[in-house]
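# Notes for the structure review
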Amino acid sequence: MNLAERDTALRELMDDPDCDPDALAATLERFDLVNRAIGGWGRVWRRGIRPRLQRLGRPARVLDVGSGGGDVVARLATWAERDGLDVEWLGIDPDPRALEVARTRESARVSFAATDAAGLRAAGETFDLVLSNHVLHHLEAAELAEFAADTRALATGTVMHADIERGRLAYALYGIGITALERGTFLRTDGLRSIRRSYRAEELESALGSPWRVASPAPFRLLAVADGDA
Ligand SMILES: C[S@@+](CC[C@H](N)C(=O)[O-])C[C@H]1O[C@@H](n2cnc3c(N)ncnc32)[C@H](O)[C@@H]1O
């Protein structure tokens, strides 16, 4: 397997509008387990998100763009409540099939909507913090530039986009680890394709350009961070 360069010609099964709906729903539901295992959001919450929300000293509004099955934003909401922070969470995704799964995770503080960052920007919405998980590697170059600009335009505070870091060890370990979870889902095919489509830190920093900075907050993870300009 050549992982020296991004394989941008690969398409993930979940990005096919005609893919098997049951397998897609199972994939979106089981992203929860995958994100818990490899997402690294615990550290990002403790070191990045929680201190920023605490500094605000008032109720906050946070947006998750491309929220998929909604598990990341639902988990962040649980941690905020545990840590005594008053936060309203919104997950958005342009795919109605993702929304259907995400809505099973709605709660008093967490809601979901079928839109994208450009739609919310046009509506004049703003948020204290904007984040995403595993969206960047799905985007073509022009889409990435728009996504980066739209998400900054929505944030009065910080924007944080998390993704996988491409690498041989990540590919090998995912291939082994996913065996227990993959049944009836696209998790093996799409996970391995995701790794092949993903960036290395310096590639992502160069693709996003100034003022984005890309760090590796956990093994096989990237976090692109910029100040919002809302
Ligand atoms: C791999 S899934 C990740 C879902 C979720 N964030 C997670 O971590 O499990 C990628 C999601 O991004 C969404 N997406 C793709 N392009 C997008 C865009 N331009 N704006 C917002 N969401 C997008 C897709 O519909 C899909 O639900």
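Just so it is clear, the structure is predicted and the values come from calculations on it, not from any experiment. (Residues numbered from 1 in each chain as written. Predicted model: local features only at pLDDT ≥ 70, side-chain atom pairs only at ≥ 80, totals over all residues. Heavy atoms only, no water.)

### So, the packing of helix 7 (residues 168-177) against helix 8 (residues 187-197)
In plain terms, the rule: Under this scheme, a helix contributes an axis fitted over its contacting stretch, all axes are lines through C-alpha atoms, and angles between N-to-C directions fall in the 0 to 180 degree range. Per the convention used, a helix needs a DSSP run of H or I reaching at least four residues, while a strand needs a run of E reaching at least two, with both numbered from the N terminus. Convention used here: angles under 35 degrees read as roughly parallel, angles over 145 as roughly antiparallel, angles from 65 to 115 as roughly perpendicular, and any remaining angle as oblique. Here a residue-residue contact requires only that any non-hydrogen atoms of the pair lie within 4.5 Å.
Interaxial distance between helix 7 and helix 8 falls to 10 Å at its minimum, and their mutual angle equals 175 degrees. What the angle tells us is that helix 7 and helix 8 run roughly antiparallel. For the pair formed by helix 7 and helix 8, the contact residues are Ala170, Tyr171, Tyr174 and Gly175 on the first element and Leu187, Arg188, Gly191, Leu192, Ile195 and Arg196 on the second.

### Considerations on the packing of helix 2 (residues 41-56) against helix 3 (residues 71-82)
Packed helix pairs are characterised by how far apart their axes lie and by the angle those axes make with each other. The following threshold applies: A clockwise turn of the near helix away from the far one marks a right-handed crossing, whereas an anticlockwise turn of less than a right angle marks a left-handed crossing. Here the term charged refers only to Asp, Glu, Lys and Arg, the term nonpolar to Ala, Val, Leu, Ile, Met, Phe, Trp, Tyr, Cys and Pro, and the term polar to all other amino acids, Gly among them.
The N-to-C vectors of helix 2 and helix 3 enclose an angle of 55 degrees; their axes lie 11 Å apart at closest approach. Considering their axes alone, helix 2 and helix 3 lie oblique with respect to each other. Two packed elements cross with a definite hand, and for helix 2 against helix 3 that hand is right-handed. Between helix 2 and helix 3, the residues in contact are Trp41, Gly42, Trp45, Ile49 and Arg50 and Val72, Leu76, Trp79, Ala80 and Arg82, respectively. Broken down by class, the residue content of the contact of helix 2 with helix 3 amounts to seven nonpolar, one polar and two charged.

### Considering the packing of aromatic side chains
Cut-off, in case you're wondering: Any Phe, Tyr or Trp ring, taking Trp's six-membered ring, that has another such ring centre within 6.5 Å forms a pair; planes under 30 degrees apart are called stacked, those over 60 apart edge-to-face, and the others tilted. Exposure categories follow from relative accessible area, calculated using a 1.4 Å probe and restricted to protein chains: below 20% of the type maximum is buried, above 50% is exposed, and the middle band is partly exposed.
Going through the model one piece at a time under the given rule, you end up with two aromatic pairs. With 6.5 Å between their ring centres and 45 degrees between their planes, Trp45 and Trp79 make a pair best called tilted. Here Trp45 is found in helix 2, whereas its partner Trp79 is found in helix 3, with 34 residues between them in sequence. Residues Trp45 and Trp79 agree in their burial class; the two are buried. Ring geometry for Trp45 and Trp89: centres 6.5 Å apart, planes at 45 degrees, overall tilted. One end of the pair, Trp45, is in helix 2; the other, Trp89, is in strand 2 (residues 87-92), with 44 residues separating them in the sequence.

### So, the nonpolar core
Operational definition: The nonpolar core is taken to be a set of buried Ala, Val, Leu, Ile, Met, Phe, Trp, Tyr and Cys residues, with the residues joined through side-chain atoms within 4.5 Å.
Among the nonpolar cores identified, the biggest contains 26 residues, and Leu63, Val130, Leu204 and Leu208 are the most heavily contacted of them. For this core, the elements supplying multiple residues, two or more each, are strand 1 (60-65), strand 2, helix 5 (117-122), strand 4 (127-133), helix 6 (141-154), strand 5 (155-164), helix 9 (201-208) and strand 7 (221-227). Looking at which element gives the most residues to this core, the answer is helix 6, with four residues. In this structure Leu63 touches Leu90, Ile92, Leu120, Phe127, Leu129, Val130, Leu131 and Leu154, once residues within four positions along its chain are discounted.

### Let's talk about the UniProt feature "domain: Methyltransferase" (unreviewed entry) in the protein
To keep things clear, this is the line we draw: UniProt positions are given in the numbering used here, feature names are shortened, and annotations may be inferred rather than shown by experiment.
The residues that UniProt annotates with the feature "domain: Methyltransferase" (unreviewed entry) are residues 62-151. Note that residues 62-151 is 40% helix and 23% strand, and that its end C-alpha atoms are spaced 12 Å apart.

### A few points about the site of the ligand
Inclusion rule: One heavy atom within 4 Å of a molecule or strand is enough for the residue carrying it to be called near that molecule or strand. Polar contacts, as counted here, are pairs of nitrogen or oxygen atoms within 3.5 Å of one another; within protein the pair requires one atom able to donate a hydrogen and one able to accept it, and residues that are adjacent in sequence qualify only if both atoms are side-chain atoms. Shrake-Rupley sampling with a 1.4 Å probe provides the accessible areas, and residues are treated as covered by the protein chains on show and by no other component.
Of all residues adjacent to the ligand, which total 17 residues, the nearest are Asn35, Gly66, Asp93, Asn133 and His138. Between the ligand and Asn35, the relevant distance is 2.9 Å, taken from an oxygen atom to a side-chain nitrogen or oxygen of the residue. In isolation the ligand has 590 Å² of accessible area, and contact with the protein removes 88% of it. Each residue belonging to the shell around the ligand can be placed in one class, and the counts come to seven nonpolar, seven polar and three charged.

### Overview of the sheet that holds strand 4
Quick note on the threshold: By the convention used here, strands pair only if DSSP detects at least 2 bridges between them.
If you walk across this open sheet you meet the seven strands as 3-2-1-4-5-7-6, and the pairing is mixed. Both edges of this open sheet fall to strand 3 (110-113) and strand 6 (213-215), since each of them pairs with a single strand only. For this sheet the average axis-to-axis angle between neighbouring strands, irrespective of direction, equals 20 degrees. The pairing of strand 5 with strand 7 spans seven bridges and is classified as antiparallel. Bridge pairing in strand 7 links His161 to Ala224. Where helix 3 meets the sheet, its contacts fall on strand 1, strand 2, strand 3 and strand 4, and the angle it forms with strand 2 comes to roughly 175 degrees. Of the strands in this sheet, strand 6 and strand 7 are in contact with helix 9, which crosses strand 6 at around 160 degrees.

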